[in-house]
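Here is how the chains run, residue by residue.
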Amino acid sequence: MFDAILVANRGEIAARIIRSAREMGLRTVAVYTTADAKAPHVALADEAVWIGEGPVGDSYLDGDKILGAAQRAGAGAVHPGYGFLSENADFARAVEAAGLVFIGPEPGAIRAMGNKAEAKRLMQAAGVPCVPGHEGADQSDAALTQAAQEIGFPLMVKAAAGGGGRGMRLVHKADDLAQALGLARSEAKGAFGSDELILEKAIIEPRHVEFQVFADTHGNIIHLGERDCSVQRRHQKVVEEVPCPVMMPDLRAAMGAAAVEAARAVNYRGAGTVEFLLDGSGAFYFLEMNTRLQVEHPVTEMVTGLDLVALQIAVAQGEALPLTQEGVVLNGHAIEVRLYAEDPANGYLPVTGPVDLWQPASGSGVRVDAGVVEGQEVSPFYDPMLAKIIAHGPTREAARRRLVRAVEDTVLLGTTTNAAFLADVLGQPAFAAGEATTGLLDRAYPQGFPASEPAPRDVALAVAVLMQHDRDAALVRAGYVSPDQLGWSSAPLLPRGLSLNAGEWRVDASVSAMRGGWQVWVGEERLDVTLEGQNGSLRARINGQTVDAVAHVAGDRVQLAVGAERLTFHRLRAGAQDEAAASGGRVTAPMPGLVLAVEAAPGASVAKGDTLAVLEAMKMQHQITAAISGTVREVHVVAGQQLASGDVMIEIDEG
Amino acid sequence: MGFVSQVVRDSDTYARNRADMLALVEELRGLEARPVALSEQRRARMEARGQITPRDRLARLLDPGMPFLQLHSLAGYMVDSDDPEASVPGASVIIGIGFVSGVRCVVVVDDSGIKAGAMTQMTMAAFLSAQEMALRQNLPFVHLVESAGANLMEYKVELWANGGKLFRNLARLSAAGLPNLAILHGPSTAGGAYMPGLADYVVGVKKNGMAALAGAALVHAATGEKADDRDLGGSEMHASVSGLVEYLAEDDAHGVEMARDVIARLDWNKSLPPRRERSYAEPRLDIDEIAGLVPTDYRIPYDVREVVARVVDGSEFEDFKPRYGVSTVCLQAAINGIAVGIIGNNGPIDPAGATKAAQFIQLCGQADTPLIFFNNTTGYMVGTQYEQAGMIKHGAKMIQAVTSVDVPRITLYIGASFGAGNYGMSGYAYEPDFLFAWPNATTGVMGGEQAAGTMEMVARAGARRKGEKVDEARLAKQSAAIAAHFDRQAGAFHTSGRCLDHGVIDPRDTRLVLGFCLETCLEGRARKVKPGSYGVARF
């Protein structure tokens, strides 16, 4: 029995675990880094222990530090959350060796399921249907190529120790296999320390359907129904829902039974997830088992009415599960989306930046799990997930509509987010019809999610917000001015030029003050704007039409939330043109990340498009290429260096 | 006191008055639009030089959405040309009081889109007025410079002689503890070079900003030296060699931003005591109705209280001695919560009216209450009865009181303002803090009709003395010519063209204008400035 838990995690999941632990009367201990000093989990916990500067290797991934923190703080148990050390068998063993309770399965189960090849052998032995494939000790290209021919194409190359999309490659034809093996090995080695690969028949456009299982230490194992996580981008889940739109009771029973068998095969304890691929014919194949609490657990909570974290803690305390399989009732429908600090218009690259304004949605059937607080910086060190937005409703359509609204109403301004992309996905006809498979996003967004040129209405709104912000700043500094004089001039309208940047677009506008509002010209279009409220929720009238928006101004940047659109405009200051023009040969980091390799050397001549360096960011390797041909003047980075977005990496003299 | 309006909105008179007044306002706006349109024609040429237009400079200098009171917008009207259709008001300069980084400033912008910003007699009159305004109201002075200087083709010796006051005033501003800043957007040569020379702060714009005692042409003529304009006086040179320029800007817009930063760094309002918060009510009666209740013909009488009631807080006022000197109206009211004394006219000023006004002015002086004069008088009463009643000495008391009272005075010409009545009612020569005219205003020694009539009487008397027969046709022609001569000079647009006021306003803006002026006066008087014996010298 324990009465204090150390939460070995950060962000929304740490906040989530602390909430349930506190409700159970347990004392909570958080761990944090300098980069996370302002993060909400630090404030929420009863106690917080500093474990490092920023990089995960010296903090959240450092088992010794965490264990030390738990012992110093007198915690009797460690909850690993997801990610980080949650599926690290050595850490789990170390926790138990130190006499503490690891809130999760036994190290053996973690290890068994952690190795894809071993897991698959175990599952086949337990009678759980598996995808035809190959796993073997002979990792030579020849052996793998031979096996690939037997399985047939398309097929998946995967890291045996992997998960979460890393080291995973889809190969359509034999010619591409050799290259895929090389890339997958290097990613696998970098991510997991092992370059062992497995091959699997690729099930084309299946649904990703996973089952939540729960086991106690009294031999009870149940499942809590499925989650359909078919909407994925590069094997990262984007939308998750319960129930699966095509689920039938007998299929659920069959898949649920297989999931329970999978758990039983590794003598499972606590919360786990068994992932399957479900094809169009209703056949399903074991994919992997995640031996931890999933990111998407809230949808299960919303339809079952259970608190999975509380259940985890109860099981870890040695209690029996409070319900049987028959007692599990799925009520209504729940859908979740993940709000990321990423830029869909720029290849979904992770972004960093401040959280200037944070307004989570609320209301009936809406839940937002977040690890966000205003004033916080989204740092380059950690996963860019900011929050999960979840909606529940009596029907799928009710839940979907509620979620769209909740995505619109959840406003985070400061750093770029994928909010507009999420709302767009939820509005895709195939998704609305419940027909989404893992191929949905590739088909719906073949060109990615490019930004579009800002509409004159949004430009006018941004201009009016900026001007009103300037006016209010002047008013604060000014002497004796009556408010009813604002916007008034005895002179004819006095328009001023104003240039804004919106992504790749430059917008030239002009604006004059009027009593009560602003007259904005964007090109040949005149828009009269009045604003009520400022910095925060405001209601605008633009040429007589009402628009509700949330706005935030920070320096020369104005951010707007209009519907699900999140728009960022930068006011272009005079005299700064020269610097912008000179940046042609400066190669900067397009996102925060770790330099894996530097291929350019000073003095080398490079052609446009040549690879200069490789940057690893958020699980992906990105080639940094030359935008111009010329000679490398200077290289500012070395392999192993952590970069912030915009850091200068290499400079090229054109020629 | 609750004032009961007698105005009938759906009467023919109201409709006629309104149509007449709005036509005059339309004419005013049309005149104001002329320099804007003319200057705008140079936009492409300025942009090709990497410049922005003078009005864009001004708009970027000012805090967006903060009030702006333009001054002398009609300066030079009917001075530059006798043709009312061809004359371009503005005197190639844009002047006003506005806010820069939250600081109320007098701002002067050379309108280089018109005759390259060349200075004329009326440019100078308006400029001097702007400087006097800054000195009087304790306001920083900002000048956006781009001027070809004085037009040599129109050289007049008195222009040069008086021109020295421009620079003397800059020295006075600096010595008075009132910072003055110049942005060199373009050339500033010859005497104009002392504009930056005497400015406390100079922002020089690269490439176009230029200041030299003589440009390359004059240098060549005077000394034979073949000089280059940029070496003679380019901003870059002044920033690094001569030391005339403090801040070097990349371009016009950058220069304006730098000026805003410099003004912000003054922390100018640090010495301003916080204003006591007053709540006040907007006028109960609609100010828009002023256009319909005021006849544009000053000969038609109306009650000036109808105007005041639409301008003051809550449409409420106290009537001071309403039964005594009844045609001179003295009211106690408030505008934007600021207590004011108001003097208006319902006709000529008689001895009782003059003494009442003189007493009222002294009472306002005693209580430190700003005064507002609504001029609509044909003057002091004439005739035996009034002379015997002491019209001269009573009128003199009123003029003396106006001259000596030390509270802010704001004068409005809202109708007639004739003869010594104009003096007693704080006219131009009495240097009110602010003086604005409505477009229907008529000012002068007397009305054209009276002048013509007077001269006709003189002519008839002369003929009678000489026993000659009056040539009626010639006399009629003479009378018409005299009336026209007077009336042409009496109109508000004409007098404003000669800078005999601070500008002509839409009557419906009266409350806003008065509020702004009062706040400017109060702010200026409340501010602690740090005068020195000398202006700040540039070493």
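1. Observations concerning the overall build of chain B
Secondary structure summary: chain B contains 20 helices and 16 strands in total. The C-alpha radius of gyration of chain B comes to 25 Å, within 12% of the 24 Å expected for a compact globule of 539 residues. Overall size of chain B, expressed as C-alpha extent along the three principal axes, is 75 × 65 × 45 Å. The proportion of buried residues among the 539 residues of chain B is 53%. Long-range pairs, those at least 24 residues apart, make up 76% of the contacts in chain B with a sequence separation of at least 6.

2. Side note on the overall build of chain A
The secondary structure content of chain A amounts to 17 helices and 39 strands. A compact globule built from 655 residues should have a C-alpha radius of gyration of about 26 Å, and chain A, at 27 Å, falls within 12% of that. Taking the principal axes of its C-alpha atoms as reference, chain A extends roughly 85 × 60 × 55 Å. The 655 residues of chain A split such that 51% are buried. Taking all contacts inside chain A whose residues are at least 6 apart in sequence as the whole, residues at least 24 apart take part in 64%.

3. Details of unusual backbone geometry
In terms of backbone geometry, most residues other than glycine have negative phi values and most peptide bonds are trans. Residue and element names in this part refer to chain A. A cis amide bond links Phe153 to the next residue, Pro154, at an omega of -5°. For Pro154, the position within the fold is in the loop between α7 (141-151) and β7 (155-159). Between Val242 and the following residue, Pro243, the backbone shows a cis peptide bond with an omega angle of -10°. Tracing the chain through its elements places Pro243 in the loop between β12 (236-242) and α9 (249-265).

4. Describing the interface of chain B and chain A
Interfaces are often sized by the amount of accessible area the parts lose when they come together. In this complex, chain B contributes 42 residues to the contact, which on the side of chain A involves 29 residues. Mapped by element, the contributors of at least two residues to the side of chain B that touches chain A are α1 (12-40), α3 (54-61), β1 (69-71), β2 (93-100), α10 (252-265) and α20 (510-526) of chain B. Looking at the side of chain B that touches chain A element by element, the count peaks at seven residues for α20 of chain B. Class assignment for the residues of the side of chain B that touches chain A results in 19 nonpolar, ten polar and 13 charged.

5. Some thoughts on the pairing of strand β10 (residues 328-335) of chain B
All names here are of chain B. Taken across its eight residues, β10 has seven buried, putting it largely inside the fold. As judged from the three bridges shared by strand β9 (residues 318-320) and β10, these two strands associate in the antiparallel manner. The residue of β10 that forms the bridge with Glu318 is Gln332. Where β10 hands over to strand β11 (residues 338-345), the hairpin turn is made up of two residues, of which Asn336 adopts a positive phi near 50°.

6. Side note on the sheet that holds strand β14 (residues 284-290) of chain A
All names here are of chain A. Taken in spatial order, the eight strands line up as β14-β13-β10-β11-β12-β15-β22-β20 in an open sheet, and their pairing is antiparallel. For this open sheet the edge positions go to β14 and β20 (366-370), each flanked by a neighbour on one side alone. In this sheet, neighbouring strand axes are inclined to one another by 25° on average, regardless of whether the strands run parallel or antiparallel. One ladder, built from five bridges, connects β20 with strand β22 (residues 385-393); its direction is antiparallel. Bridge pairing links Val366 to Ala391 in β22. Here helix α10 (residues 297-304) sits on the sheet and contacts β10 (207-215), β11 (221-233), β12, β15 (333-340), β20 and β22; the angle it forms with β11, its principal contact strand, is near 130°.

7. Quick look at the sheet that holds strand β35 (residues 611-617) of chain A
Residue and element names in this part refer to chain A. In space, the four strands of this open sheet follow the order β36-β35-β33-β38, with antiparallel pairing throughout. Each having just a single partner strand, β36 (620-625) and β38 (642-643) make up the two edges of the open sheet. Direction of pairing for strand β33 (residues 593-598) relative to β38: antiparallel, over a ladder of two bridges. Paired with Gly593 across the two strands is Leu643, which belongs to β38.

8. So, the nonpolar core
Grouped burial of nonpolar side chains is what soluble globular proteins tend to show. By size, the foremost hydrophobic cluster in this structure holds 148 residues, and its most contacted members are Val106, Leu184, Ala259 and Val308 of chain B. Other than its neighbours up to four places away in sequence, Val308 of chain B contacts Phe317, Leu331, Ala333, Ile342, Gly344 and Phe374 of chain B. Core analysis: the next-biggest nonpolar cluster, separate from the first, contains 101 residues, Val507, Trp518, Val587 and Leu643 of chain A among them.

9. What to know about helix α4 (residues 89-97) of chain A
All names here are of chain A. For α4, every residue scored as buried is listed here: Ala89, Phe91, Ala92 and Val95. An end-on view of α4 places all buried positions within 165° of arc, on one side of the element. Those residues of α4 that are exposed and aimed more than 90 degrees away from the buried face are Asp90 and Ala97.

10. Topic: the environment of Arg292 of chain A
All names here are of chain A. Summarising the element assignment, Arg292 is placed in the loop between β14 and α10. A count of 27 C-beta atoms within 10 Å places Arg292 in the buried class. The contacts of Arg292, once residues within four sequence positions are left out, are Pro80, Tyr82, Ser86, Glu87 and Gly104.

11. Quick look at the packing of α4 of chain A against helix α5 (residues 107-114) of chain A
Residues and elements named next belong to chain A. It is the contact of α4 with α5, at a shortest axis distance of 8 Å, that shows an interaxial angle of 180°. When the axis of α4 is compared with that of α5, the two are roughly antiparallel. Residues Ala89, Ala92 and Arg93 of α4 pack against Pro107, Ile110, Arg111 and Gly114 of α5. Considered class by class, the residues forming the contact of α4 with α5 number four nonpolar, one polar and two charged.

12. Some thoughts on the environment of Leu363 of chain B
Residues and elements named next belong to chain B. Following the sequence through the fold, Leu363 ends up in helix α13 (residues 351-367). Here Leu363 falls in the partly exposed class, since 16 other C-beta atoms lie within 10 Å of it. Between the alpha carbons of Leu363 and Ala221 there is a distance of 63 Å; along the sequence they are 142 residues apart.

13. Topic: the environment of Ile203 of chain A
Residues and elements named next belong to chain A. The topology assignment puts Ile203 in the loop between β9 (197-201) and β10. Since 22 C-beta atoms lie within 10 Å of it, Ile203 is described here as buried. The sequence separation of Ile203 and Asp279 amounts to 76 residues, and the corresponding C-alpha distance is 7.2 Å. Those residues within four positions of Ile203 in sequence are excluded, and the remaining contacts are Val131, Leu277, Asp279 and Tyr285.

14. Section: the confidence of the model for chain B
Within chain B, residue pLDDT values average 94, and 100% of them lie at 70 or more. Confidence estimates for the predicted assembly give a pTM of 0.84 and an ipTM of 0.91.

Cut-off values and rules
- Residues numbered from 1 in each chain as written.
- Chains lettered and ligands numbered in written order.
- Predicted model: local features only at pLDDT ≥ 70, side-chain atom pairs only at ≥ 80, totals over all residues.
- Helix = DSSP H or I, 4+ residues; strand = E, 2+ residues; numbered from the N terminus.
- Rg over C-alpha atoms; globule rule 2.2 N^0.38 Å.
- Buried ≥ 20, exposed ≤ 12 C-beta atoms within 10 Å, placed from the backbone.
- Contact = placed C-beta atoms within 7 Å.
- Nonpolar A, V, L, I, M, F, W, Y, C, P; charged D, E, K, R; others polar.
- Pairing = 2+ DSSP bridges.
- Axes fitted to C-alpha atoms, helices over the stretch in contact; angles between N-to-C directions.
- Core = buried A, V, L, I, M, F, W, Y, C linked by C-beta atoms within 7 Å.
- Arc of directions from axis to C-beta.
- Parallel < 35°, antiparallel > 145°, perpendicular 65-115°, else oblique.
- pLDDT = per-residue confidence, 0-100.

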